[in-house]
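Chain by chain, the residues run as shown.
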Amino acid sequence: MDRFEIFFDLVFVFSFFIITRATALQVTGGALLHALLVLAVLWWSWVVHSVVATRVRLGEGFVPVLMTVGMAALFTFALSLPNAFRDPRGNAAGPIVAALSYTVLRLVHLLLYRHVVRDSPNERRQLIRFTPEVIGSTALLLVAALVPPKIDGLFTASVVRDGLWATVVLLQYGTGIIAGTWGWGVASAEHWTERYDLILIIALGESVISVGVGSNLLGQPPTWPAVTAAALGIFFTAALWWAHYDLVGPAARIALHAARDGPRVAMARDAYAYLFLPMIAGIILFALGAEMIVHDIANPDVSPAESAHGPAVPLLFGGVACYLCGNMLFQARTLRTVSWTRVVAVLLLGAAIPLAERVPGLVAMAILTVIAVGMVTAEVIVFDEGRRALRKLVFEERASHEAHEAAWRARWHERPDEGE
């Protein structure tokens, strides 16, 4: 993996952090909607970035200069996210800066990819098919930023602004489906899966940060309940990491290696570009719930026997269920299977919410940890033979594909018009 790609990922780390922090200030239905809309728009920029990164070496030639401009735009976009839906009269810079910085980021990606496909007529035509989405998305965000505080009509300014952002999301992801796979190619399945596996780890890291933020009350010494809650947060986050990276992730990588031409592109789009989004959304949701619960546990003014307040438990359990559902859809798309252990875990999470809302926060986190760790333990025992066979296959696949992928990537850069 290009080191500059990892450098660029640091800005996405900050973006996930900002989304979570901004939502944690006041967890309401509107704040959650805004967080999910911003996440969807941000994720689409990640998808475009991953497509560009598979075709061009980000650390060579003039590319780092353009990518640095893109990083600055993404960083500015992240800084403006807490105010992206504010009334322009109250904070005019927020929504306008978000729209302008996102426009710059998309233009950087467009220029880079245009440079890559300059000698490929097929890919240039496919790029033209995506141009309306770039123009439409950036234009709609600019219009949303300029919505006046008061408008005449059936809808308020807030509803109009939310509707414009939702239209951007529909336009972006709908274009990915309508444009199809013709003219595109995934030059390196190994590189593609590595990029997405890394960003998922980054998102899981956000949940660890949230637990740490919730347990670290300034000026207060750590307490045993707070330490226990923090440890439980690490345990169930590790279980969610295991749920993807032990079996499903490696097997999906082999499936993408085996696919060719259009089916490979379709799998890369559906499983990684689209189905990773609900997994990351679930991580942010349960990170919010975990932070709220751990904060109350660490607060000496809150009784340890008091149950969790507000939406903390539904966010925590619902976020984990969202993550597992996204992972099951990912597994179904890449491997055409669904693990019964995941289905049982999701059902248990849903059934446990009413109970978890009535018990102390530490007990609620313990219930969640038991379900998550129990799911992983069951899979280790039940699927032991399959896990062993997969590890052997992964070793063989990596050995056989390393030379093939390196040669194919070099040939792709030299003659990009050949296609898959």
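All figures in this text were calculated on a predicted structure; none of them were measured in a lab.

Trainee: Got a minute to help me understand the overall build of the chain in this structure?
Mentor: When its secondary structure is counted, the chain shows 14 helices and 0 strands. Order of helices (α) and strands (β) in the chain, N terminus to C terminus: α-α-α-α-α-α-α-α-α-α-α-α-α-α. Scored against the burial criterion, the 420 residues of the chain give a buried share of 53%. Partitioning the contacts of the chain with sequence separation of at least 6, the portion at a separation of at least 24 is 83%. For the chain, the accessible area works out to roughly 18100 Å², and carbon and sulfur atoms hold 69% of it.

Trainee: Honestly, the side chain of Asn327 in this entry has me stumped. Any pointers?
Mentor: The topology assignment puts Asn327 in helix α11 (residues 312-335). Classification of Asn327 as buried rests on a relative accessible area of 0%. Setting aside chain neighbours within four positions, we find Asn327 in contact with Ala243, His244, Val248, Met279 and Arg342.

Trainee: How do you make sense of the pattern of salt bridges when you look at a structure like this?
Mentor: Where charged atoms from two side chains of opposite charge come close, those side chains can pair. This model, assessed by the stated rule, comprises 6 salt bridges. The partner of Arg21 in a salt bridge is Glu291, with the nearest N and O atoms 2.0 Å apart. Remark: Glu291 occurs in helix α10 (residues 276-298) and Arg21 occurs in helix α1 (residues 3-24); sequence separation between them is 270 residues. The pair formed by Arg21 and Glu291 is uniform in burial state, with each residue classed as buried. Look at the salt bridges and you will find they share partners, linking Arg269, Asp270 and Arg333 into a network.

Trainee: Just checking my understanding: could you explain the environment of Thr337 for this structure?
Mentor: With respect to the secondary-structure elements, Thr337 resides in the loop between α11 and α12 (340-356). A relative accessible area of 38% means that Thr337 is categorised as partly exposed. Each C-alpha atom of the pair Thr337 and Val248 lies 9.9 Å from the other, and the pair is 89 residues apart in sequence. Beyond its immediate stretch of four places on either side in the chain, Thr337 contacts Met328, Gln331 and Ala332. Within the local environment of Thr337, its side chain forms a polar contact with the side chain of Gln331, the two groups lying 3.0 Å apart.

Trainee: Just to check I follow, could you spell out the packing of aromatic side chains for this structure?
Mentor: Two measures describe an aromatic ring pair: the distance that separates the ring centres and the angle between the ring planes. Applying the stated criterion to the full structure yields 18 aromatic pairs. Aromatic pair Phe77 and Tyr102: ring centres 5.4 Å apart, planes at 45°, arrangement tilted. One end of the pair, Phe77, is in helix α3 (residues 63-80); the other, Tyr102, is in helix α4 (residues 93-116), and 25 residues separate them in sequence.

Trainee: Looking at this structure, I do not really get a nonpolar patch on the surface. What am I missing?
Mentor: On the surface, a cluster of nonpolar side chains totalling about 490 Å² of accessible area is made up of Trp340, Val344, Leu348, Ile381 and Val382. At the level of elements, α12 and α13 (361-382) are the ones that each hand at least two residues to the nonpolar patch. If you tally residues by element for the nonpolar patch, the top one is α12, at 3 residues. Residue position: Val382 is located in helix α13.

Trainee: I keep staring at the packing of helix α2 (residues 29-53) against helix α6 (residues 157-178) and nothing clicks. Help me out?
Mentor: The packing of two helices is summarised by the inter-axis angle and the distance between the axes. Following both chains from N to C, one finds α2 and α6 inclined at 35°, their axes separated by 10 Å at the closest point. Here the hand of the crossing between α2 and α6 comes out left-handed. Where α2 abuts α6, its residues Leu33, His34, Leu37, Val38, Ala40, Val41, Trp43 and Trp44 lie against Asp162, Trp165, Ala166, Val168, Val169, Gln172, Tyr173 and Gly176. Taken together, the residues of the contact of α2 with α6 break down into 12 nonpolar, 3 polar and 1 charged.

Reading the values: rules and limits
Residues numbered from 1 in each chain as written. Predicted model: local features only at pLDDT ≥ 70, side-chain atom pairs only at ≥ 80, totals over all residues. Heavy atoms only, no water. Helix = DSSP H or I, 4+ residues; strand = E, 2+ residues; numbered from the N terminus. Buried < 20%, exposed > 50% of the residue type's maximum accessible area, 1.4 Å probe, protein only. Contact = heavy atoms within 4.5 Å. Areas by Shrake-Rupley, 256 points an atom, 1.4 Å probe, with all protein chains shown as cover. Salt bridge = Lys/Arg side-chain N within 4 Å of Asp/Glu carboxyl O. Polar contact = N/O pair within 3.5 Å; in protein donor to acceptor, adjacent residues only side chain to side chain. Phe/Tyr/Trp six-rings, centres within 6.5 Å; stacked < 30°, edge-to-face > 60°. Patch = residues over 30% accessible without salt bridge, like charges linked within 9 Å, V, L, I, M, F, W, Y side chains within 5 Å. Axes fitted to C-alpha atoms, helices over the stretch in contact; angles between N-to-C directions. Left-handed = near helix turned anticlockwise from the far one by under 90°. Nonpolar A, V, L, I, M, F, W, Y, C, P; charged D, E, K, R; others polar.

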